[in-house]
Every structure is written in C-alpha cells, then in structure tokens.
Amino acid sequence: MMDLLELLHQTMSSPWVYLAIFGIAVLDGFFPVVPSETAVITAGVFAASGTPDLPAVILVAAAGALVGDHVSYALGRAGGSRLLDRLPARGRRRAGVEWARRGIALRGGLILTVARYVPGGRTAVTLTMGAVGYPRRRFLTFDALAAGSWGLYSALVGYLGGLAFEQDPLRGLLFGLGLALAVTAVVEGVRVLRRRRATPAPPARAAADRSPGAVR
C-alpha cells in the first residue's frame, strides 16, 4: 500500500501529470472505458496538499473533455447514423442512443451537461449530436459549459476529500470516488423515475371489456 501511495505522490508531483489528465479526458470522450473522472478526482485529492495545482487540473481536464467530445461529434458526423442504426434493438447501447435522441429533441444542447453524470451518456449524446447534424457552433457553446462544469466538479470533489483526510490521501481518494458515485446514482435514479412517469400506462382492461364487440 505504501508503494502505491509513493507512486501516486511521484506521479502527481510530476509536471507531466497535466498532460496525462488531458490525454485521458480526450480518450474518454470517444472511448468511454478510460476512467477520466477517476484521474481528475485523484489529482484533486493530491492538490489539497499543494501539488498538483488545482486550477491547472480543472483547466486541463475541461480542455481534454472538450476536445474528446468534439472527436466523438466528428465521428458521428462522419457516419455515426449508420453505426447507431446497427445497434441491437433491445441492447443497452441502443437504449442510451434513444435517450440521447429524445433529450436532444426536448432540451437541445443542455442535455450535454446532464449526460456528464449519466453512465455512458456522454459518448451517446455527442455521437448522436454529430449523427443528427446538430449545429457545430451550438455544440461548441453547450459543450464548453458541460466540460467546464465537469472539470470543476470532479477536481473539487477530490479536493474536498483531500482536505477531509489530509494525512491519509488514500481515504481522501475513496471519499471523493464515493461522493462522485453517489451523485451519479442520484442523477441516474431521477432519470429512471422521470422516464417511468413519462411512459404511458397500458389501456385499462375494463375499457376493453366495455367495447361493443367484447365477448361476455
């Protein structure tokens, strides 16, 4: 365990950590298995002790997220509609894409901010926006807001954990990750509840029985 903490200390005190955070955030935009939020939260935890610099972490995380989202958007513009249409009809990815399409139709670019806190939602929304031809300038405007808020949120969550457990960065990291997971769970729970409420109820059986052609 001490070796792991020492490795983290050395990594976070290196000037290359900013480039690493930027690169991870870029990759996560179109390759969502890369844990960019974990990397930013970890940097935020160690920023509570002075290194790395918190404002710099926020800036490079937001910039990387912005670039990664634009890569995903470009992939959508380049043929994402055909790719999305080939997804299994009952698969989880298709459900995510359909959620993204409904969100774009109802709330436009603001869905980008919400998608940051929905598992798999970020890539689904940016790809779909590119595939449906969402205006690039409007995408840039809303995505800058989404990326900036995400970078600020992730870094501050880690920073709070680092302040709470200043002498134990591992506990600070676990606190930050747990807090981020709790926020994600709340957002996802609210989304599921709203979706269930919006789903129309099936016709009542009694109404069918009252129809003229019903068999008694």
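Criteria and thresholds
- Residues numbered from 1 in each chain as written.
- Predicted model: local features only at pLDDT ≥ 70, side-chain atom pairs only at ≥ 80, totals over all residues.
- Heavy atoms only, no water.
- Helix = DSSP H or I, 4+ residues; strand = E, 2+ residues; numbered from the N terminus.
- Buried < 20%, exposed > 50% of the residue type's maximum accessible area, 1.4 Å probe, protein only.
- Areas by Shrake-Rupley, 256 points an atom, 1.4 Å probe, with all protein chains shown as cover.
- Core = buried A, V, L, I, M, F, W, Y, C linked by side-chain atoms within 4.5 Å.
- Contact = heavy atoms within 4.5 Å.
- pLDDT = per-residue confidence, 0-100.
- Salt bridge = Lys/Arg side-chain N within 4 Å of Asp/Glu carboxyl O.

A. Structural context of the overall build of the protein. Along the protein, the regular secondary structure elements total 11 helices and zero strands. In the protein, the succession of helices and strands from N to C terminus is α-α-α-α-α-α-α-α-α-α-α. Here the protein holds 216 residues, and 39% of them are scored as buried. Only carbon and sulfur atoms are counted for the fraction: they give 65% of the accessible area of the protein, which is about 12500 Å².

B. Representation of the nonpolar core in the model. Grouped together as the largest cluster of nonpolar side chains are 25 residues, with contacts concentrated most on I21, V40, V57, W150 and A155. At the level of secondary structure, the elements contributing two or more residues to this core comprise helix 1 (2-12), helix 2 (17-30), helix 3 (36-47), helix 4 (54-77), helix 9 (136-164) and helix 10 (169-198). Setting aside anything within four residues of it in sequence, one finds V57 in contact with Y18, I21, V40, A43, P52 and A155. By size, the runner-up hydrophobic cluster in this structure holds 12 residues, among which are Y73, A124, V125 and A146.

C. Looking closely at the confidence of the model for the protein. Of the residues in the protein, 76% have a pLDDT of 70 or more, and the chain-wide mean is 79. When the elements of the protein are averaged for pLDDT, helix 11 (residues 205-209) gives the smallest value, 47, and helix 4 the largest, 94.

D. Representation of the side chain of S72 within the structure. Here S72 shows up in helix 4. Residues within four places of S72 in sequence aside, it is in contact with G29, F30, T123, T126 and L127.

E. Spatial organisation of the pattern of salt bridges. One pass over the structure, following the stated rule, counts four salt bridges. A salt bridge links R116 to D69; the shortest N-O distance between them is 2.0 Å. Of this pair, R116 sits in the loop between helix 7 (111-115) and helix 8 (121-131) while D69 sits in helix 4, and the two are 47 residues apart along the sequence. Of the two residues, R116 and D69, neither departs from the other in class, the shared state being buried. Salt bridges here are not isolated pairs; linked through shared partners, they connect D28, D69, R116, R122 and D143.

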